[in-house]
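A look at the structure
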Amino acid sequence: MHKIISVFLAVLFSVMLISCNGNKSNPGKHTKTIGVSLLTRGHIFYRDLEEGLKKESDKYDYDLIITSADWDLGKQISQIEDFISRKVDAIIVSPVDSKGIGSGIAEANKAGIPVFTADIAAEEGKVVSHIASDNVQGGRLAGEYLVKLLNGKGRVAIINQPAITSVLDRVAGFREAIVKYPNIKVVADVNGQGVRDRSLQVTADVLQANPQLDGIFGINDDTALGALDAVNQFNRKGIYIIGYDATPPAVDAIKKDSPLKADVVQYPKKIGVKTIDVISDYFNDKIVPKNVPVEVGIVDKASFNIEN
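Residues numbered from 1 in each chain as written. Predicted model: local features only at pLDDT ≥ 70, side-chain atom pairs only at ≥ 80, totals over all residues. Heavy atoms only, no water.

Okay, the overall build of the protein next. Check the secondary structure of the protein and you find ten helices and twelve strands. Counting only residues that meet the buried cut, the protein has 50% of its 308 residues in that class. Considering only residue pairs separated by 6 or more positions, the protein has 72% of its internal contacts joining residues 24 or more positions apart. Carbon and sulfur atoms make up 52% of the accessible area of the protein, which totals about 15,100 Å². (Helix = DSSP H or I, 4+ residues; strand = E, 2+ residues; numbered from the N terminus. Buried < 20%, exposed > 50% of the residue type's maximum accessible area, 1.4 Å probe, protein only. Contact = heavy atoms within 4.5 Å. Areas by Shrake-Rupley, 256 points an atom, 1.4 Å probe, with all protein chains shown as cover.)

Written as structure tokens, this is what we have:
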């Protein structure tokens, strides 16, 4: 009897030992938690960015806590504070306001949590790395395309969003391209706040003040589509619009041969993937660059092989 009990206990101990060993994490993986505060989920761009983040996080076995600030700086700072209280291992933020987000980043800095920015940079606070489209190059592409359409002369407007660093880069690149052509004049540079309805309103004001307007650069597709709405409402002919993002509604307008003639195309999924890769390098004590540019391109009607 004692012998049977001894054998039973030995078997039970072996099973327990195997079970314990089986519950151990894969030593090759180190699960981390990353807090993410997106600018919005209202733009296709950020939904694609989110998809890229999720896809690459699965590769590294990272847990993501993804939130959306919905254009609200106070909400975004609260989200960062929540990440801090939850003691996440890293924070990714696409700032609502590049300067205003500094206080939230500073709190994360005090807590010793590394911060990374995706798509939009922060002007204050310590950020390990900024991963974004090469927006200066994108602005140049937009400027060069508009110059070509205008044959090097004309009056143009910029529908801007100056609180966002990525937009400042786009506008800087655009101006860099057109400054080489003295017969092209920027007659208006107004804030459309990056949204369609406001961009329609400010573009309408520009059109009323400039009966000879020839071209418009919209800093994102909501802006460009708002400008397109205004041009159509005023029935203004001969105005060329260049947008930025190549979202489906903008691509559809380009295909239909509307005044929206071309778009700078970004690759938000690549930005998401690259952001997680940079964070992985950081977790593994590798030196990561302060800025990681992701390529951009430009698309027009010809890009889609549509017959004229």
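This paragraph deals with the packing of aromatic side chains. Here the structure, examined in full by the defined rule, presents six aromatic pairs. A ring pair is formed by Phe 116 and Tyr 282, whose centres lie 5.7 Å apart and whose planes are at 80 degrees; its orientation type is edge-to-face. One end of the pair, Phe 116, is in strand 4 (residues 115-118); the other, Tyr 282, is in helix 10 (residues 268-283), and 166 residues separate them in sequence. Given a relative accessible area of 0%, Phe 116 falls into the buried group. Classification of Tyr 282 by relative accessible area gives partly exposed; the value is 33%. Ring centres of Phe 174 and Phe 217 lie 4.6 Å apart, and the angle between their planes is 15 degrees; on these two criteria the pair is classed as stacked. Residue Phe 174 is located in helix 6 (residues 165-178), and its partner Phe 217 is located in strand 8 (residues 215-218); the two are separated by 43 residues in the primary sequence. With respect to burial, Phe 174 and Phe 217 carry one shared label: buried. Put simply, the rings of Tyr 60, Tyr 62, Phe 116, Tyr 282 and Phe 283 touch in pairs and so form one group of aromatic residues. We note Lys 32 situated over the ring of Phe 283; from NZ or CZ to the ring centre the distance is 5.1 Å. (Phe/Tyr/Trp six-rings, centres within 6.5 Å; stacked < 30°, edge-to-face > 60°. Lys NZ or Arg CZ within 6 Å of the ring centre and 35° of its normal.)

All right, on to the pattern of salt bridges then. The tally for this structure, following the rule as stated, stands at 14 salt bridges. We note a salt bridge from Lys 59 to Glu 56, for which the minimum N-O separation is 3.4 Å. Residue Lys 59 and its partner Glu 56 are both found in helix 2 (residues 44-60); the two are separated by three residues, about one turn of the helix. Judged by its relative accessible area of 52%, Lys 59 falls in the exposed class. Using a relative accessible area of 8% as the deciding quantity, one classes Glu 56 as buried. A salt bridge links Asp 252 to Lys 256; its shortest N-O distance comes to 3.0 Å. Given a relative accessible area of 35%, Asp 252 falls into the partly exposed group. Classification of Lys 256 as exposed rests on a relative accessible area of 61%. (Salt bridge = Lys/Arg side-chain N within 4 Å of Asp/Glu carboxyl O.)

The next thing to look at is the sheet that holds strand 11 (residues 291-294). Here six strands make up an open sheet; going across it, the order is 2-1-3-4-5-11 and the pairing parallel. The open sheet terminates on both sides in strands that have one partner only, identified here as strand 2 (63-68) and strand 11. Each neighbouring strand pair of the sheet contributes to a mean axis angle of 15 degrees, computed without reference to strand direction. Alignment of strand 5 (residues 129-133) against strand 11, held across four bridges, turns out to be parallel. By the bridge assignment, His 130 is partnered in strand 11 with Asn 291. Seen against the sheet, helix 3 (residues 73-85) touches strand 1 (33-38), strand 2 and strand 3 (90-93) and runs at an angle of roughly 175 degrees to strand 1. (Pairing = 2+ DSSP bridges. Axes fitted to C-alpha atoms, helices over the stretch in contact; angles between N-to-C directions.)

Moving on: helix 8 (residues 221-233). In this model, helix 8 (13 residues) spans 18 Å end to end at C-alpha, consistent with the 18 Å of a helix rising 1.5 Å per residue. Considered for burial, the residues of helix 8 that qualify are Asp 221, Thr 223, Ala 224, Leu 225, Gly 226, Ala 227, Leu 228, Ala 230 and Val 231. For helix 8, the capping residue at the N-terminal end is Asn 220, with a side-chain oxygen 3.3 Å from the backbone nitrogen of Asp 222. Asn 235 lies just past helix 8 and shows a positive phi near 55 degrees. (Expected span 1.5 Å × (residues − 1). Polar contact = N/O pair within 3.5 Å; in protein donor to acceptor, adjacent residues only side chain to side chain.)

Okay, helix 5 (residues 135-149) next. An ideal rise of 1.5 Å per residue puts 21 Å on 15 residues; helix 5 measures up with 21 Å between its terminal C-alpha atoms. Listed in full, the buried residues belonging to helix 5 are Asn 135, Gly 138, Gly 139, Leu 141, Ala 142, Gly 143, Tyr 145, Leu 146 and Val 147. Positive phi shows up at Asn 151, right after helix 5, with a value of about 55 degrees.

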